[in-house]
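One-letter residues, chain by chain:
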Amino acid sequence: MIQIAVLGYGTVGSGVVEVINKNQNEVSKKAGIGIAVKYILDLRDFPGDPMEKHVVHDYDIILNDPEVKIICETMGGVEPAYTFSKKALLAGKSVCTSNKELVANHGPELIQIAKEHNCNYLFEASVGGGIPIIRPLNASLTPEKIDGITGILNGTTNYMLTKMDDEGMDYAEVLAQAQAKGYAERNPEADVEGYDACRKIAILSSLVYGKTVRYEDIYTEGITKISKEDFKYAKAMKRSIKLLAMSKDMDGKCFAMVAPFLIRSDNPLYCVKDVFNAVCVHGNMLGSTMYYGRGAGKLPTASAVVSDIIDCAKHQGKFIFCFWDQEKVELSSKDEMSWKFFVRVKGDLEESGVKEVFGETEIIQLPECADEFAFITDEVSEKEFDEMIKGVKNVITRIRLEG
């Protein structure tokens, strides 16, 4: 029997306990040994909870118990999660986590400590929630040279954009609904500004390159400027708007970005709706593969954490190789990237300066948007576009076109 401890008895932590208890036979059979929760660390007490007697408030009780071989960190945030995880690994206890913020900040350091102490630091749930993506990158796709990852990595923003697309809701209205349903926090900044997706693509990029991609170096835009009018144009173009997180290797240059994109209906991400997430991975031999499912939520995320617990149980005293060093990757500037741009302009086409700056280009006019028009540029670099758009009057917004 392997004893584990769960740090944090919130949404994910309680889900981990539920998965282990409900699927005890499956978990033990696949681990090759029984797995039981001995401790739950939390600041709170849980009177009446079936696991009430397992709750402790002192981390040292867990750290100093030789029976505890695996620690499940579901606290969130950097501290004290970082300190607790590091102490566990230094003591030779494996750590499984869903904490994307901690992994993005300290992943390679904690992996190295695990390697030096013959234990493991696993984080399957930190990127795709219940979607398996870390393990495929580290195992199934190892023969491949991965040259591109593009994903919808945030369920909250995908839910909001889906409602705006399908029901014509405006941003403020759909944000309030997402908060009422518990999909968005009271302070939704991490989701709607793209920071959550940024940390996740940083983790995936680091695993692909084998070196550290700092999330602070990734150009990031959120969805706060997207309006229901943008979706009216998108429908006329047979496209939809998605918040994409992408990482590309182009002739040895590494690039990463998070931003809204207009995507075509033949893109597999076009049909990813509601709180679902998806990740498309392109390898030089295999081509494209896609991983789809619930990117968040209590039980899907907990299921991924428990899969890591099983892996740790199967590899007691043996480090599971992870290709991620602390050396930093120098990312290319977004100025070097090229796309077509969709631009909305208030007022009259002839007076806007569009023809003078961009020449003959595709113009879109909608009857329901009579006081404005939109146009699509030829493919230009970000730097060229930023200079050219200065010559256009009354620009409302611009969105990049994927593909």
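Quick summary incoming for the structure in this document.

1. Topic: the overall build of the chain
Piece 1. When its secondary structure is counted, the chain shows 16 helices and 17 strands.
Piece 2. Whereas a compact globule of 403 residues would reach a radius of gyration of roughly 22 Å, the chain reaches 23 Å, a difference of no more than 12%.
Piece 3. Along the longest, intermediate and shortest principal axes, the C-alpha atoms of the chain span 75 × 45 × 30 Å.
Piece 4. The buried share among the 403 residues of the chain stands at 55%.
Piece 5. Long-range contacts, defined here as pairs at least 24 residues apart, represent 73% of the contacts in the chain between residues at least 6 apart.
Piece 6. Accessible area for the chain stands at about 17900 Å²; split by element, carbon and sulfur atoms hold 49% of it.
Piece 7. The chain carries 47 positive and 60 negative side-chain charges, and their two centres are separated by 4 Å.

2. Some words on the packing of helix 1 (residues 11-22) against helix 13 (residues 298-314)
Piece 1. At a minimum axis distance of 8 Å, the contact between helix 1 and helix 13 shows a crossing angle of 65°. Remark: the crossing between helix 1 and helix 13 carries right-handed chirality. For the pair helix 1 and helix 13, the contacting residues are T11, V12, S14, G15, V16, E18, V19 and I20 in the first and K298, L299, T301, A302, S303, V305, V306 and I309 in the second.
Piece 2. Of the residues belonging to the contact of helix 1 with helix 13, the class tally is 9 nonpolar, 5 polar and 2 charged.

3. Here we look at the environment of I113
Piece 1. Within the secondary structure layout, I113 lies in helix 5 (residues 100-116).
Piece 2. Spatially, the C-alpha atoms of I113 and G92 are 9.2 Å apart, while their sequence positions differ by 21 residues.
Piece 3. In contact with I113, not counting residues within four places along its chain, are K86, L89 and L90.

4. Let's talk about unusual backbone geometry
Generally, phi is negative for residues other than glycine and the peptide bonds are trans, each holding for most cases.
Piece 1. For the peptide bond that leads from E79 to P80, omega is 5°, which places it in the cis range.
Piece 2. Note on placement: P80 falls in the loop between strand 4 (68-73) and helix 4 (81-90).
Piece 3. Even without being a glycine, N118 presents a positive backbone phi close to 55°.
Piece 4. Within the secondary structure layout, N118 lies in the loop between helix 5 and strand 6 (121-122).
Piece 5. Positive phi is not limited to glycine here, since D274 has a value of about 60°.
Piece 6. Within the secondary structure layout, D274 lies in the loop between strand 10 (253-264) and strand 11 (276-283).
Piece 7. Classification of D274 by relative accessible area gives partly exposed; the value is 29%.

5. Observations concerning the sheet that holds strand 6
Piece 1. The 6 strands lie next to each other as 3-2-1-4-5-6, forming an open sheet whose pairing is parallel. The open sheet has two edge strands, strand 3 (55-56) and strand 6, and neither has a second partner.
Piece 2. This element, helix 4, spans strand 1 (2-7), strand 2 (35-41), strand 4, strand 5 (94-97) and strand 6 of the sheet and lies at about 150° to strand 5.

6. Concerning the nonpolar core
Piece 1. Ranked by size, the top nonpolar core spans 88 residues in total, and within it I62, Y121, F123 and L204 carry the most contacts.
Piece 2. The element best represented in this core is helix 11 (residues 195-209), accounting for 9 residues.
Piece 3. Residue contacts for I62: discarding those within four places in its chain leaves A5, L7, Y39, L41, V56, V68, I71 and K93.
Piece 4. Core analysis: the second largest hydrophobic core is formed by 30 residues, V19, F46, I309 and I310 among them.

7. Observations concerning the pattern of salt bridges
Piece 1. Inspection of every chain in the model, using the stated rule, returns 30 salt bridges.
Piece 2. In this structure, D311 and R135 form a salt bridge, with 3.3 Å as the shortest nitrogen-oxygen distance. With a gap of 176 residues between them, D311 in helix 13 and R135 in helix 7 (residues 134-140) connect regions that are remote in the sequence.
Piece 3. In this structure D311 comes out as buried when scored by relative accessible area, which is 14%.
Piece 4. Look at the salt bridges and you will find they share partners, linking E221, K334, E382, D386, R398 and R400 into a network.

8. Observations regarding helix 1
Piece 1. The terminal C-alpha atoms of helix 1 lie 16 Å apart, and with 12 residues this matches the ideal 16 Å at 1.5 Å per residue to within 8%.
Piece 2. Along helix 1, the positions that sit buried rather than exposed are V12, G13, S14, G15, V16, V17, V19 and I20.
Piece 3. On its buried face, helix 1 is in contact with strand 1, helix 2 (24-31), strand 2, strand 4 and helix 13.

9. A word on the environment of E185
Piece 1. Inspection of the secondary structure puts E185 in the loop between helix 9 (171-180) and helix 10 (189-192).
Piece 2. Classification of E185 as exposed rests on a relative accessible area of 56%.
Piece 3. When the C-alpha positions of E185 and F375 are compared, they lie 35 Å apart, and in sequence the two are 190 residues distant.

10. Digging into the side chain of K334
Piece 1. As for its position among the elements, K334 is in the loop between helix 13 and strand 13 (338-346).
Piece 2. One polar contact links K334 to E382, side chain to side chain, over a distance of 3.3 Å.
Piece 3. In this structure K334 touches Y219, F255, M257, E382 and D386, once residues within four positions along its chain are discounted.

What counts, and where the lines are drawn
- Residues numbered from 1 in each chain as written.
- Predicted model: local features only at pLDDT ≥ 70, side-chain atom pairs only at ≥ 80, totals over all residues.
- Heavy atoms only, no water.
- Helix = DSSP H or I, 4+ residues; strand = E, 2+ residues; numbered from the N terminus.
- Rg over C-alpha atoms; globule rule 2.2 N^0.38 Å.
- Buried < 20%, exposed > 50% of the residue type's maximum accessible area, 1.4 Å probe, protein only.
- Contact = heavy atoms within 4.5 Å.
- Areas by Shrake-Rupley, 256 points an atom, 1.4 Å probe, with all protein chains shown as cover.
- Lys, Arg positive; Asp, Glu negative; His and termini not counted.
- Charge placed at Lys NZ, Arg CZ, Asp CG, Glu CD.
- Axes fitted to C-alpha atoms, helices over the stretch in contact; angles between N-to-C directions.
- Left-handed = near helix turned anticlockwise from the far one by under 90°.
- Nonpolar A, V, L, I, M, F, W, Y, C, P; charged D, E, K, R; others polar.
- Pairing = 2+ DSSP bridges.
- Core = buried A, V, L, I, M, F, W, Y, C linked by side-chain atoms within 4.5 Å.
- Salt bridge = Lys/Arg side-chain N within 4 Å of Asp/Glu carboxyl O.
- Expected span 1.5 Å × (residues − 1).
- Polar contact = N/O pair within 3.5 Å; in protein donor to acceptor, adjacent residues only side chain to side chain.

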